[in-house]
Amino acid sequence: MLSNVEYTRLMEILLRQDDYIILLHQNADPDAVGSGIALKELLKSQGKKVIIGTETLNNLSKNLLSNLGDFIVTAPTDNKNLIILDTSTPVQLGIFERMLDNAEVLISIDHHETFETSKFKGKKYTYCLNKERTSTAEIIFDIMLKMKDEGLLNKENLDCDKLIRGILTGIVTDTGHMRFSDVNTLKTLIHIFKKGYHISDVDDLLKVEDDISKKIAILKAHQRMKIYSISDFIVATSNVSSCEALSAKAILSTGADVAFVGADNGSEVRISGRAKKAVLDRGINLAKIMSQVASIIDGEGGGHKGAAGANGKRNMEEGLKKCVEYFVQELGGTTNGECVEYTEETEIQDCWGK
Ligand SMILES: [Mn+2]
């Protein structure tokens, strides 16, 4: 754990320069991006010029960045004052690694255990490793608390909401939604919760609204669904004009055990299959079914046991029927070329135990 004295020293060093670039590891995760945004806000409130640089962002971080309304640079700049966050070795900086050569001030703030710290050393080098914290975001929060204690926090210039959302997202994602949290994580969260924030705020920041066409495709897939009761499983087939994989996945979460969804745009036919684990445990391999169906739709098929697809040119309806037939055969049954669709009547009979 960093001592009070160390935090004071770190804060003083951070406040010495007027401009910084905050560098994050490649494929930056929400802890890196959330910490970067929070530290940028803190330094900006002190009149500093700050940008954030990283080679790439992971998908969650892209959502976080756009939902918080911030931006990053993706190529090296001529900044000489570097703050490196959440990164344990220089090579993780990717194309930004070369900025270390001309760095005049180098401050590294991290929570990962590493044995290669010497490689980061520059002219004015400060290394702040707090491997007892479960996220870099918590360290940034502690710096903010320190500044507040010292009367340095200028709340009028500080976008507190953005800062806290960045920190909270970093904490929640790096602790695997609190599974790896500890007493110190919770102490930080108490501060944040007292300000009226909640863990569900993070979910909002990490998700992207599906566009209208995706929503409609999924709903239509449900509307056009044919349902079959086969052995212990509910199998559903449907068709859409696009987003067949997404629709198949959605149908599984609605309740089907297996879903086959076709898409036909006139010149191309695609079929996507998804199955739940209980189905795979019975030895079903959708990749095999899709490679068989491929010949019906005049194309190719494959994938994984639980998620597979086939692309072809024609016969989508026939392809979907064959998916169900092959599924029955894989379970060891026979359809005599005909699968009975699950109708309201059969449903009622089942309910009344007839
Ligand atoms: Mn981290």
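Note that the structure is a prediction, hence the values are computed from the model and not measured.

Glancing now at the overall build of the protein chain. When its secondary structure is counted, the protein chain shows 13 helices and 11 strands. What you see for the protein chain is a C-alpha radius of gyration of 27 Å, clearly larger than the 20 Å of a compact globule of 354 residues, by over 25%. In terms of overall dimensions, the protein chain has a C-alpha envelope of 80 × 45 × 35 Å along the principal axes. Per-residue burial over the protein chain gives 42% buried out of 354 residues.

Put simply, side chains in a regular strand alternate between the two faces of the sheet. Residues Gly301 and Gly303 of strand S10 (residues 300–303) are buried on one face, while the alternating residues Glu300 and Gly302, pointing to the opposite face, are not. Across four bridges, the pairing between S10 and strand S11 (residues 307–312) is antiparallel. Bridge assignment links glycine 302 to a residue of S11, and that residue is glycine 309. Hairpin geometry of S10 and S11 is characterised by an intervening segment of three residues between the two adjacent antiparallel strands.

Moving on, we come to the environment of glycine 299. Positionally, glycine 299 belongs in the loop between helix H11 (286–296) and S10. Judged by the 21 C-beta atoms lying within 10 Å of it, glycine 299 falls in the buried class. Counting along the chain gives 247 residues from glycine 299 to isoleucine 52, while the straight-line C-alpha distance between them is 46 Å. Dropping the residues within four chain positions of it, glycine 299 is found in contact with Ala294, Ala310, Asn311, Gly312 and Lys313.

In this section: the domain arrangement of the protein chain. Here the protein chain is described as being made up of domain 1 (4–206) and domain 2 (213–351). The straight-line distance from the C-alpha centre of domain 1 to that of domain 2 is 46 Å.

Here we come to the UniProt feature "domain: DHHA1" (unreviewed entry) in the protein chain. The feature "domain: DHHA1" (unreviewed entry), as given by UniProt, occupies residues 255–327 in the numbering adopted here. Span residues 255–327 is 37% helix and 33% strand, its end C-alpha atoms 18 Å apart.

The next point concerns the nonpolar core. By size, the foremost hydrophobic cluster in this structure holds 51 residues, and its most contacted members are Ile22, Ile83, Ile140 and Ile167. Look past the residues within four positions of isoleucine 83 in its chain and what remains in contact with it is Tyr20, Ile22, Leu39, Ile107 and Ile109. Formed by 37 residues, the second largest nonpolar core is a distinct cluster that contains Leu252, Val258, Phe260 and Ala275.

Closest axis-to-axis distance for the helix H2 (residues 30–44)/helix H3 (residues 59–67) pair is 9 Å, and the angle between their directions is 25°. Judged on the interaxial angle alone, H3 and H2 are roughly parallel. Of the two elements, H2 crosses H3, and the hand of that crossing is right-handed. Across from Pro30, Val33 and Gly34 in H2, the residues of H3 making contact are Leu60, Ser61, Leu64 and Leu65. Its residues assigned to classes, the contact of H2 with H3 comprises five nonpolar, two polar and no charged.

In this section: H2. With 15 residues, H2 should cover 21 Å at 1.5 Å per step; its first-to-last C-alpha distance of 20 Å lies within 8% of that length. Of all 15 residues in H2, 14 are buried, a share of seventy percent or more.

So, on to the pairing of strand S3 (residues 81–85). Counting buried residues along S3, five of its five residues qualify, which places the element largely inside the surrounding structure. Burial along S3 is two-sided: the residues Asn81, Ile83 and Leu85 and Leu82 and Ile84 are all buried. Where strand S1 (residues 19–24) meets S3, four bridges bridge the pair, whose relative direction is parallel. Looking at S3, one finds that leucine 24 is bridged to leucine 85. Pairing between S3 and strand S4 (residues 105–110): five bridges, direction parallel. Along S4, the bridge assignment pairs isoleucine 83 with isoleucine 107.

Strand pairing within a sheet occurs via backbone hydrogen bonds; the two strands may be parallel or antiparallel. Taken together, the six strands give an open sheet; going across it, the order is S6-S7-S8-S9-S11-S10, and neighbouring strands pair in mixed fashion. Only two strands of the sheet have a single partner each, and these edge strands are strand S6 (226–230) and S10. Shown here is a sheet whose adjacent strand axes are inclined to one another by a mean of 15°, direction ignored. As paired strands, strand S8 (residues 258–264) and strand S9 (residues 269–275) are joined by seven bridges and run antiparallel to one another.

Our focus in this paragraph is helix H9 (residues 244–254). Those residues of H9 not exposed but buried are Glu244, Ala245, Ser247, Ala248, Ala250, Ile251 and Leu252. Structurally, H9 contributes buried residues whose contacts are with helix H8 (212–223), strand S7 (233–240), S8, S9 and S11. Phi for glycine 255, located one or two positions after H9, is positive at around 150°.

What follows is about the packing of helix H4 (residues 136–149) against helix H5 (residues 160–174). In contact at an axis separation of 7 Å, H4 and H5 are set at 145° when each is read in the N-to-C sense. Handedness of the crossing formed by H4 with H5: left-handed. Every residue of H5 that contacts H4 at Thr136, Ala137, Glu138, Ile140 and Phe141 is listed here: Ile167, Gly170 and Ile171. For the contact of H4 with H5, the residue count by class is five nonpolar, two polar and one charged.

Let us now look at unusual backbone geometry. Although it is not a glycine, aspartate 86 sits at a positive phi angle of roughly 60°. Relative to the helices and strands, aspartate 86 is located in the loop between S3 and S4. A positive phi angle is found at histidine 177, which is not glycine, with a value near 55°. As for its placement among the helices and strands, histidine 177 is situated in the loop between H5 and helix H6 (183–194).

Definitions and limits used
Residues numbered from 1 in each chain as written. Predicted model: local features only at pLDDT ≥ 70, side-chain atom pairs only at ≥ 80, totals over all residues. Helix = DSSP H or I, 4+ residues; strand = E, 2+ residues; numbered from the N terminus. Rg over C-alpha atoms; globule rule 2.2 N^0.38 Å. Buried ≥ 20, exposed ≤ 12 C-beta atoms within 10 Å, placed from the backbone. Pairing = 2+ DSSP bridges. Contact = placed C-beta atoms within 7 Å. Domains from an automatic or database assignment. UniProt positions renumbered as here; feature names shortened; annotations may be inferred. Core = buried A, V, L, I, M, F, W, Y, C linked by C-beta atoms within 7 Å. Axes fitted to C-alpha atoms, helices over the stretch in contact; angles between N-to-C directions. Parallel < 35°, antiparallel > 145°, perpendicular 65-115°, else oblique. Left-handed = near helix turned anticlockwise from the far one by under 90°. Nonpolar A, V, L, I, M, F, W, Y, C, P; charged D, E, K, R; others polar. Expected span 1.5 Å × (residues − 1).

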